[in-house]
Amino acid sequence: MFIRSMVSLVVVFCVMAAKAGDLPAAHHASPDQYQLLLETDDVLVLKMVLQPGEQDTAHSHHNETVYFQKGGTLKISEPGKGAMEVAVPDGHVMWHKAWNHQVTNIGDSEVVAIIVEQKP
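I will try to describe carefully the structure that is included in this document.

Rules and cut-offs
- Residues numbered from 1 in each chain as written.
- Predicted model: local features only at pLDDT ≥ 70, side-chain atom pairs only at ≥ 80, totals over all residues.
- Heavy atoms only, no water.
- Helix = DSSP H or I, 4+ residues; strand = E, 2+ residues; numbered from the N terminus.
- Contact = heavy atoms within 4.5 Å.
- 1 Å grid on protein atoms, 1.4 Å probe; cavity = no way out; pocket = protein on both sides within 12 Å on 5 of 7 lines; lining within 4 Å.
- Points joined across faces, edges and corners; volume = space filled by probe spheres on them.
- Nonpolar A, V, L, I, M, F, W, Y, C, P; charged D, E, K, R; others polar.
- Salt bridge = Lys/Arg side-chain N within 4 Å of Asp/Glu carboxyl O.
- Buried < 20%, exposed > 50% of the residue type's maximum accessible area, 1.4 Å probe, protein only.
- Pairing = 2+ DSSP bridges.
- Axes fitted to C-alpha atoms, helices over the stretch in contact; angles between N-to-C directions.

### A look at the side chain of Ser30
So, point 1. With respect to the helices and strands, Ser30 occurs in the loop between helix 2 (26-29) and strand 1 (34-39).
So, point 2. Not counting residues up to four positions away in its chain, the partners in contact with Ser30 are Asp56 and Thr57.

What follows is the structure, given as structure tokens:
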């Protein structure tokens, strides 16, 4: 009985992890826009730079905190959920749970963000 319960728990955790990361990580999906600054056992630290009109490739993040060094106007698309346009001010900080998305810079200025992503 104990072994069956443990196997069920492992299956549930694997399904949850697959939902959070069923697309490649940002720095693998879009190496031209995302630079890996630091990786430890606990976190990834990425730098995202999107030029006006540029978009990244759909990707996944685990739970993340994002600091927008240079904000701008972005369109953020989530697979199966549609898109939203957001105006992000310089210096904005946000936290987001694990998700899959694609980002397009629809403004006329470069957007630069530092992302601290919690590893599972």
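Next, the rest of the story.
### Here's the deal with the layout of surface pockets
So, point 1. Put simply, the largest pocket is a space of about 240 Å³.
So, point 2. Lining the largest pocket are 20 residues, with Phe68, Leu74, Ile76, Met94 and Trp99 sitting closest to its centre.
So, point 3. For the lining of the largest pocket, the secondary structure elements donating two or more residues are strand 4 (64-70), strand 5 (72-78), strand 6 (82-88), strand 7 (93-96), strand 8 (99-105) and strand 9 (111-118).
So, point 4. When residues of the lining of the largest pocket are assigned to their parent elements, the largest contribution, four residues, is made by strand 6.
So, point 5. A per-class count over the lining of the largest pocket returns 15 nonpolar, four polar and one charged.

### Considerations on the pattern of salt bridges
So, point 1. For the coordinates displayed, the defined rule picks out three salt bridges.
So, point 2. With a closest N to O distance of 2.6 Å, Lys119 and Glu39 form a salt bridge. Remark: Glu39 occurs in strand 1 and Lys119 occurs in the segment after strand 9; sequence separation between them is 80 residues.
So, point 3. Assessed through its relative accessible area of 25%, Lys119 is described here as partly exposed.
So, point 4. A relative accessible area of 48% means that Glu39 is categorised as partly exposed.

### Details of the sheet that holds strand 4
So, point 1. The strand order across the open sheet built from five strands is 1-2-9-4-7, with neighbouring strands paired in antiparallel fashion. The sheet is open, and its two borders are formed by strand 1 and strand 7, each paired with just one other strand. Taken pair by pair, the neighbouring strands of this sheet meet at an average axis angle of 20 degrees, ignoring direction.
So, point 2. Where strand 4 lies against strand 7, four bridges are found, and the strand directions are antiparallel.

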